[in-house]
Amino acid sequence: MLQPNGAAELAARYVSIRAESLARTAHLTPEDMTAQSMPDASPVKWHLAHTSWFFETFLLEPHEPGFAPFCAGFRELFNSYYNGVGAQFSRPQRGLLTRPDVQTVLAYRRDVDVRMQALIQAGALPPGLVELGLQHEQQHQELMWTDVLHLFSFNPAHPACLPGAPPEASAAPEGWVAFPATLTQTGHAGAEFCFDNETPRHRQFLEAFSMAARLVTKGEYAAFIADSGYERPEFWLAEGFDFIRREGVGAPLYWRRGDGEWYEFCLHGLHRLDEAAPVTQISYYEADAYARWAGARLPSEAEWEHAAASGRLAQCFGGAWQWTSSAYAPYPGFCATPDAIGEYNGKFMVNQYVLRGSSLATPAGHERLTYRNFFPAQARWQFSGLRLARSVGP
Ligand SMILES: [Fe+2]
């Protein structure tokens, strides 16, 4: 299947991506890794096991001679949502799984790693599927941080996932970049890896528009709050205004008020708000309301991709996922594969919005111009922010 060089490269890539998952737990205790703060967030221990389950189920089981599972019960415990594989343990109750303990989950990882390495190096696995498993692991690496951060946010001692102070953001230059009306192409092309939801590449007509050169900052967002942005219904979608009143939302999820100043709970604990950094942990509703307050709107994902491809925007990647106004829907001609892997993306294409770019929690090398992240409009625990757009013309 693979040339010897290709197998060695893939084996090295496997080692490094699997190691990153463990590196993200360096400052966590077994207790930190076991608790679950809400149905949408999973325990870190579950992420560590589930990413191994993915390799065991989709690579080892069909390709390893004489395959036997590490533990038969894990098939159900760590199946996230694949009906084609079978039953799944209740997602909101993952935090009740005190067994297997962290040590056993780490042993599971080591076992899967040894067996995966043997088959990768023998060229016995479909490289595209191994790559999907690695990209899947990277997605869960980001979720490990967003989920444990949400858990820690309930702790008045403000525990930190990472040591030291947060890196200070340098302010990116402000401004707008104009794009004339055009028939553009959206979606992935070429032989490099992408998720199925990024295809097929297709035409999109764009009216003339402008895009903000950088992301909306925390300082700018604080001005929206100071201008009573959360109290003024004229900026809000009806559903969004109901949501913030019902949930008592008046600021991004981890902002805290003290001594007349804003503080923010982050991966490094509680710190004074870094006004130059991109705002994060806001819902679609908040992003949309901010944009209306600022006399702008959210970009569509086709506008975002066209503008980002121009190379004229700052902060496309690595700051915050950027909400777009585009519903998460199949591209024209999209077709999920009929096997269990076809459940990866396609079945979630309802009631969600697309976010583009990548965030500070995204592992290095995982970002991509055509990447389509997606969350429901009310999701606030991700590193989600926004970039403004404006229509231009008559
Ligand atoms: Fe998963």
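It should be emphasised that the depicted structure is a prediction, and the values quoted were computed from it without experimental measurement. (Residues numbered from 1 in each chain as written. Predicted model: local features only at pLDDT ≥ 70, side-chain atom pairs only at ≥ 80, totals over all residues. Heavy atoms only, no water.)

Enquirer: Can you help me understand the pattern of salt bridges in this one?
Expert: For side chains bearing opposite charge, pairing can occur when the charged atoms are close. Tallied over the full model, the rule gives 24 salt bridges. Arginine 214 serves as the salt-bridge partner of glutamate 174, at 3.8 Å between the closest nitrogen and oxygen. Taken together, the residues span a long stretch of sequence, with glutamate 174 in the loop between helix H5 (127-152) and strand E1 (176-179) and arginine 214 in the loop between strand E4 (209-212) and helix H6 (218-226) at a distance of 40 residues. A relative accessible area of 65% means that glutamate 174 is categorised as exposed. By relative accessible area, which is 11% here, arginine 214 ends up buried. One salt bridge in this structure joins glutamate 305 and arginine 356, with 2.8 Å as the shortest N-O distance. With glutamate 305 in helix H9 (residues 301-309) and arginine 356 in strand E9 (residues 353-356), this pair connects stretches of sequence that are 51 residues apart. (Salt bridge = Lys/Arg side-chain N within 4 Å of Asp/Glu carboxyl O. Helix = DSSP H or I, 4+ residues; strand = E, 2+ residues; numbered from the N terminus. Buried < 20%, exposed > 50% of the residue type's maximum accessible area, 1.4 Å probe, protein only.)

Enquirer: Explanation requested: the layout of surface pockets in the structure shown.
Expert: Where empty space is left can be seen by rolling a probe of water-molecule size over the atoms. Reported here for the largest pocket is a volume of approximately 800 Å³. Looking at the lining of the largest pocket, the elements with two or more residues in it are helix H2 (44-63), H5 and strand E10 (373-375). For the lining of the largest pocket, the leading source of residues is H5, giving six residues. Considering only residue class, the lining of the largest pocket consists of 13 nonpolar, 13 polar and six charged. By volume, the second largest pocket amounts to about 610 Å³. The wall of the second largest pocket is formed by 29 residues, among which Pro166, Pro167, Asp274, Ala277 and Leu360 lie closest to the centre. Those elements giving two or more residues to the lining of the second largest pocket turn out to be strand E6 (261-266) and strand E7 (269-272). Ranked by residue count, the leading element in the lining of the second largest pocket is E6, at three residues. Classifying every residue of the lining of the second largest pocket gives 16 nonpolar, eight polar and five charged. (1 Å grid on protein atoms, 1.4 Å probe; cavity = no way out; pocket = protein on both sides within 12 Å on 5 of 7 lines; lining within 4 Å. Points joined across faces, edges and corners; volume = space filled by probe spheres on them. Nonpolar A, V, L, I, M, F, W, Y, C, P; charged D, E, K, R; others polar.)

Enquirer: Looking at this structure, I do not really get the pairing of E7. What am I missing?
Expert: Where a strand is regular, its side chains alternate between the two sheet faces. Two strands pair when backbone bridges link them, and E6 and E7 are joined in this way by four bridges, in the antiparallel orientation. In the strand pairing of E7, glutamate 264 is matched with histidine 271. Connecting E6 to the next strand, E7, in antiparallel fashion are two residues. (Pairing = 2+ DSSP bridges.)

Enquirer: So what exactly am I meant to see when it comes to helix H7 (residues 238-247) here?
Expert: Helical geometry note: an α-helix holds 3.6 residues per turn, so side chains three or four residues apart project in the same direction. Within H7, the full set of buried residues consists of Gly240, Phe241, Phe243 and Ile244. Buried residues along H7 cover an arc of 160° about the axis, so they all sit on one side. The exposed residues of H7 that point more than 90 degrees off its buried face are Ala238, Glu239, Arg245 and Arg246. The inward-facing, buried residues of H7 abut helix H8 (284-293). Positive backbone phi, at 65°, marks glycine 248, one or two positions downstream of H7. (Arc of directions from axis to C-beta. Contact = heavy atoms within 4.5 Å.)

Enquirer: Help me understand the environment of glutamate 56 in this model?
Expert: Turning to its location among the elements, glutamate 56 is positioned in helix H2. Separated by 303 residues in sequence, glutamate 56 and serine 359 place their C-alpha atoms 29 Å apart. Dropping the residues within four chain positions of it, glutamate 56 is found in contact with Glu61, Phe67, Pro69, Phe70, Tyr108, Val112 and Arg115. Within polar-contact distance, the side chain of glutamate 56 engages the backbone nitrogen of phenylalanine 70 at 2.9 Å. (Polar contact = N/O pair within 3.5 Å; in protein donor to acceptor, adjacent residues only side chain to side chain.)

Enquirer: What should I look at first to understand the packing of aromatic side chains in this one?
Expert: Each aromatic ring pair is described using two quantities: the centre-to-centre distance and the angle formed by the ring planes. Counting across every chain of the model gives 39 aromatic pairs. With a centroid separation of 5.7 Å and 85° between ring planes, the pair formed by tryptophan 53 and phenylalanine 58 is classed as edge-to-face. Summarising the burial analysis for this pair, tryptophan 53 and phenylalanine 58 share the class buried. Centre to centre, the rings of phenylalanine 74 and phenylalanine 78 are 5.1 Å apart; their planes meet at 80°, and the pair counts as edge-to-face. Comparing phenylalanine 74 with phenylalanine 78 shows no difference in burial state: the two are buried. (Phe/Tyr/Trp six-rings, centres within 6.5 Å; stacked < 30°, edge-to-face > 60°.)

Enquirer: Looking at this structure, how should I read the pairing of E6?
Expert: Across the six residues that make up E6, a large majority, five, are buried. With four bridges connecting them, strand E5 (residues 255-258) and E6 associate as antiparallel partners. Bridge pairing in E6 links arginine 256 to tyrosine 263. Linking E5 to E6, which pair antiparallel, is a turn of two residues; within it aspartate 259 sits at a positive phi near 55°.

Enquirer: What exactly am I supposed to notice about the coordination of the iron ion here?
Expert: Each donor-metal-donor angle in an ideal tetrahedron of four donors is 109.5 degrees, and each such angle in an ideal octahedron of six donors is either 90 or 180 degrees. Looking at the metal site, the iron ion is ligated by His50 (NE2), His136 (NE2) and His140 (NE2), spaced 2.2 Å from it. We note that the donor set of the iron ion lies within a single chain, spaced as H-x85-H-x3-H. You can see histidine 136 and its partner histidine 140 sitting in helix H5, four residues apart, about one turn around the helix. (Donors = N, O, S within 2.8 Å, 3.2 Å for Na, K, Ca; no water.)

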